[in-house]
Structure formats: structure tokens, C-alpha cells
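Secondary and tertiary structure notes
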Amino acid sequence: MDENRENRFIKYLRKDRLPHIFCAGCGNGIIMNTFFNGMEMAEVDFEKVVMVSGIGCSSRIPGYVKCDSLHTTHGRPISFATGIKLANPENEVVVFTGDGDAAAIGGNHLIHGARRNIDLTVICINNSIYGMTGGQISPTSPKGSYGSTAPYGALETPFDLSELVKSAGATYVARWTTAQPVQLSNAIKKALQNQGFSFIEVISQCPTYFGRKNKMRTPIDMMNWMKEESITKRRAEKLSEEELEGKIIVGEFQNKKEAEFTDKMCQLLESKCTNDKPMATRSAYQGE
Amino acid sequence: MVDFMITIDKNLCKGCNICTEFCPRKVYQKSGVLNKKGVHVPGHEDEDKCTQCQLCVMMCPDQAIKVDEKVDEKDEN
Ligand SMILES: Cc1ncc(C[n+]2csc(CCOP(=O)(O)OP(=O)(O)O)c2C)c(N)n1
Ligand code: SF4
Ligand code: SF4
Ligand code: SF4
């Protein structure tokens, strides 16, 4: 297609791999758009962006983006990202992960990344289900929702991921849905600007599994559901637990300043390594 | 005269109709036109109603939509 007639995000994508593999109406594509939009607003240098992901539909996003990327093992993207950030703190390291990847198999890496307050931006695409493997319920599946492993409805209480990561020590936390792309872009902008562990939880649609198993047949049904059930944090604070049943609380959950892990590590090395040799963590890519 | 021009890349569109549903001005319509992959690519005959808010560009999961200003050639000079 004539480049002048192209969508504004195509320039960041590996055109030869498009259209991407995601089902029609899957939220993953909308989250890609909002990421690029937020990145432009934050004036982040695209050349410095490194994307890291685990395993899952959502984790396939970095493979379509024209930047350095790492598609790692299930649940471990934050560990790989920690290594990339420490090896070269100049990198703008962004993790794309699913609710299964981040909160089930990778739950421990998630809370410890947050605890360390290492400067990563983690975008967790929470579609309340395991999409890639055929619709098993995940640690964020709402109570009573159906999945292939919960034919009678999920019995367990789901994680509130944003609250969990906030409690674990993240310095920026926000939750929005794919039906609020403007607010979501803005949150991604702030997350990228935050010098510390930033967590964006995006409630997203998996029409193929979550939708089909939960009587929302189209992506539009799912997005209307998210739009209708969303309630801002400020409004939610005035409501009782019963009134909040089934609601999606959106907004900013944390935004504070605290010492960042890579900085602390570099300072430690600077103070302890007194042999006049250049610092490994800073010199590897910067020369002498 | 300046107005707007919408392009949908037929090779990228998967026919989810998110644009049809969420455009605040109802510029898009479901269509019977099939692309090569058997996808119904929405129509946009009502382009004149477009306010260029760019919401459809943000919401199209397949990066298929471009909305921009159309400069009428007759008025260009
Ligand atoms: C060690 C390991 N265990 C299990 C799997 C199978 N597996 C692949 S993706 C996935 C879950 C993906 O769910 P989520 O992270 O929510 O991503 P989604 O596909 O919904 O975007 C699982 C269990 C695997 N690949 N590796
Ligand atoms: S299975 Fe679900 S999450 Fe995976 S691409 Fe399809 S709609 Fe998206
Ligand atoms: S939102 Fe995009 S992919 Fe979906 S129907 Fe519209 S143009 Fe096609
Ligand atoms: S730019 Fe806004 S008004 Fe114009 S078609 Fe897109 S969503 Fe509709």
C-alpha cells in the first residue's frame, strides 16, 4: 500500500508479517496502538525500546514490532527484562505479558520485579483467560466465569492484579480497558516516564474463548461490557463491596517516586569498584 | 475545500466491525463486500460526517484505518 495512505502505527511494525495472527477483534491489536501512541506522547526514542514477552497470544506482540525484542519462556519475561535493563540501563525495556503469563506461572517474578522497583514498564494484557491454549481459566478469571477448565463456573476469587503489584512495591500502577484507548495511552505515557517499576493492567477482550464461553459472542459485545462495567477509582471509593460486584475499577492506583534498582546497583558498583576500570554496567555499550 | 478522507487497507481488515460500532459519528457501515480472504470490509460512504477524532484509528486492532485531510484538487491552486 502507498505509504501516504498507511495507518500511522504501521511504521513501527514489521509489515511483511502483517496481518498479525490475532483473531478478528482481539484486544491485543488495540493495545499495540495505545502503546505506540503513549510512546510518542512520552517522547521515548523508539531506537532504545526493547520489548520482552513470555508465552501466550499477548506475548506475540513484540514479534511484530520493528525493535529489539525477546520472546522468552512462559512466565519469565520480567526476569529476562531485568537482565537486559541491568546490562544496559539506557534501554527502555517494556514487557508484554498475559494474565496467565504474569500472574499464574510468572506470579513470583512479577511481585519481585515490583518489590525491587526496577525501571521496567510491564503491560499486562488481562483477558481473564488463557487464550493461546484454548480457554482455561486464569488467576484473574472472574468468579463464576466459564472456561474450558471451569465448565460450571470458576469457584476461586481472582487476583486484583493492580492492587497486588501496588502492594508489592511498584511505583506506577494503572488499570484501563481496551474500550478507553485515550486514557490507556495516557497511562502508558506516564508509565514510560516513571523511573521505576510501572505496571499497566489492560482489561482486554478474547472474543474467541472468553467471549464465546461467557455469552458475549462478538468483540463488540465484550467491549460494550467493559465500557458499561468500568467505574473510576474515585467513584468506586464511595461504593460498598456489594455495589462493586462485577465492576471493573479503572484509574491510577499508584504514582510515587522511590529509589530505582538499576541506579542503586550502579551507585554500589561505583562506590565499591575502585580499580579505575570502567564500570561494566555502563561501559559495555558506551565505550570508555 | 478541505474535508476528510478515510482509507481501509483491505488486506489488513479482519471485519471485526469495532470501527462500525464505536465511531461516534457512525461513519462506517457493515458491508456485503468481501475481500480476498472472505472478510466483510466496512464501508465509509458517510465520510462527510467524520470529525477526524481518530478514535477509529486507535481502536482498529489491525492497523487498517487511516483518516486524514483531503485537499480538493480543484481548490489547490
Ligand atoms: C512452562 C509452560 N507451561 C505451560 C505452557 C502452555 N501455555 C502456553 S500459553 C499459556 C497461557 C497463556 O495465557 P495468557 O498469559 O493469559 O496469554 P493469552 O494467550 O491469553 O494472551 C500456557 C499455559 C507453556 N508454553 N510453557
Ligand atoms: S485466542 Fe483470544 S487472546 Fe488469542 S488471539 Fe484469539 S482472541 Fe486474542
Ligand atoms: S476495526 Fe479495523 S479490522 Fe475491524 S472492521 Fe474496522 S477496519 Fe476492519
Ligand atoms: S475519525 Fe472519528 S469521526 Fe472520523 S471515522 Fe474515525 S471515529 Fe469516526
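Refer to the structure printed above.
Conventions we followed
- Residues numbered from 1 in each chain as written.
- Chains lettered and ligands numbered in written order.
- Predicted model: local features only at pLDDT ≥ 70, side-chain atom pairs only at ≥ 80, totals over all residues.
- Heavy atoms only, no water.
- Helix = DSSP H or I, 4+ residues; strand = E, 2+ residues; numbered from the N terminus.
- Buried < 20%, exposed > 50% of the residue type's maximum accessible area, 1.4 Å probe, protein only.
- Contact = heavy atoms within 4.5 Å.
- Areas by Shrake-Rupley, 256 points an atom, 1.4 Å probe, with all protein chains shown as cover.
- Buried area = accessible area lost by both parts, 1.4 Å probe.
- Salt bridge = Lys/Arg side-chain N within 4 Å of Asp/Glu carboxyl O.
- Nonpolar A, V, L, I, M, F, W, Y, C, P; charged D, E, K, R; others polar.
- Near = heavy atom within 4 Å.
- Polar contact = N/O pair within 3.5 Å; in protein donor to acceptor, adjacent residues only side chain to side chain.
- Pairing = 2+ DSSP bridges.
- Axes fitted to C-alpha atoms, helices over the stretch in contact; angles between N-to-C directions.
- Phe/Tyr/Trp six-rings, centres within 6.5 Å; stacked < 30°, edge-to-face > 60°.
- Lys NZ or Arg CZ within 6 Å of the ring centre and 35° of its normal.

Observations concerning the overall build of chain A
Helix and strand counts for chain A come out as 11 helices and 10 strands. Seen through its C-alpha atoms, chain A measures out along the principal axes to roughly 65 × 50 × 35 Å. With 288 residues in all, chain A has 55% of them scored as buried. For chain A, contacts bridging at least 24 residues in sequence account for 67% of all contacts bridging at least 6. When the accessible surface of chain A is totalled, it reaches about 13,300 Å², and 49% of it is carbon and sulfur.

Examining the interface of chain B and chain A
The accessible area lost on association of the parts is a frequent measure of interface size. Contact with chain B, which involves 25 residues of that partner, is made by 34 residues of chain A. Here chain B meets chain A over a buried area of about 2,300 Å², counting both sides, of which 65% is carbon and sulfur. It is K14, M58 and Q63 of chain B in chain B that bury the most area against chain A; as a group they hold 32% of the surface buried on that side. Joining chain B to chain A, the criterion identifies 0 salt bridges. Of all elements in the fold, only strand 1 (2–8), helix 1 (18–22), helix 2 (55–59) and strand 2 (65–71) of chain B reach the threshold of two or more residues within the side of chain B that touches chain A. Split into classes, the residues belonging to the side of chain B that touches chain A amount to 14 nonpolar, 4 polar and 7 charged.

Regarding the site of ligand 1
Residue and element names in this part refer to chain A. In the vicinity of ligand 1 lie 16 residues, with C57, S58, G100, D101 and G131 positioned nearest. Separating an oxygen atom of ligand 1 from a side-chain N or O atom of S58 is a distance of 2.7 Å. Within the contact set of ligand 1, an oxygen atom lies 2.9 Å away from a backbone nitrogen or oxygen of M132. Burial of ligand 1 by the protein amounts to 73% of the accessible area it has alone, namely 590 Å². Ranked by residues supplied to the shell around ligand 1, first place goes to helix 3 (residues 99–105) with 4 residues. Among the residues forming the shell around ligand 1, the class breakdown is 6 nonpolar, 8 polar and 2 charged.

Quick look at the sheet that holds strand 4 (residues 121–126) of chain A
Residues and elements named next belong to chain A. The strand order across the open sheet built from 8 strands is 2-1-3-4-8-7-10-9, with neighbouring strands paired in mixed fashion. A single partner strand is all that each edge strand has here, and the edge strands are strand 2 (68–71) and strand 9 (230–232). The sheet shows a mean angle of 20° between the axes of neighbouring strands, direction not considered. Packed onto the sheet, helix 5 (residues 161–168) meets strand 4, strand 7 (172–177), strand 8 (198–203) and strand 10 (248–255) and runs at close to 175° relative to strand 7.

A look at the packing of aromatic side chains
Residues and elements named next belong to chain A. Applying the stated criterion to the full structure yields 7 aromatic pairs over all chains. For the pair Y12 and F46, a centre-to-centre distance of 4.8 Å together with 65° between the ring planes defines the contact as edge-to-face. Taken together, the residues span a long stretch of sequence, with Y12 in the segment before helix 1 (28–41) and F46 in the loop between helix 1 and strand 1 (49–53) at a distance of 34 residues. As far as the burial class goes, Y12 and F46 line up, both buried. Connected via pairs of aromatic rings, a cluster forms that spans F9, Y12, F35, F36, F46 and F96. Above the plane of the ring of F261 lies R116, whose end atom (NZ or CZ) is 5.5 Å from the centre. Stacked on the ring of F253, the Lys or Arg K233 has its end atom at 5.9 Å from the ring centre.

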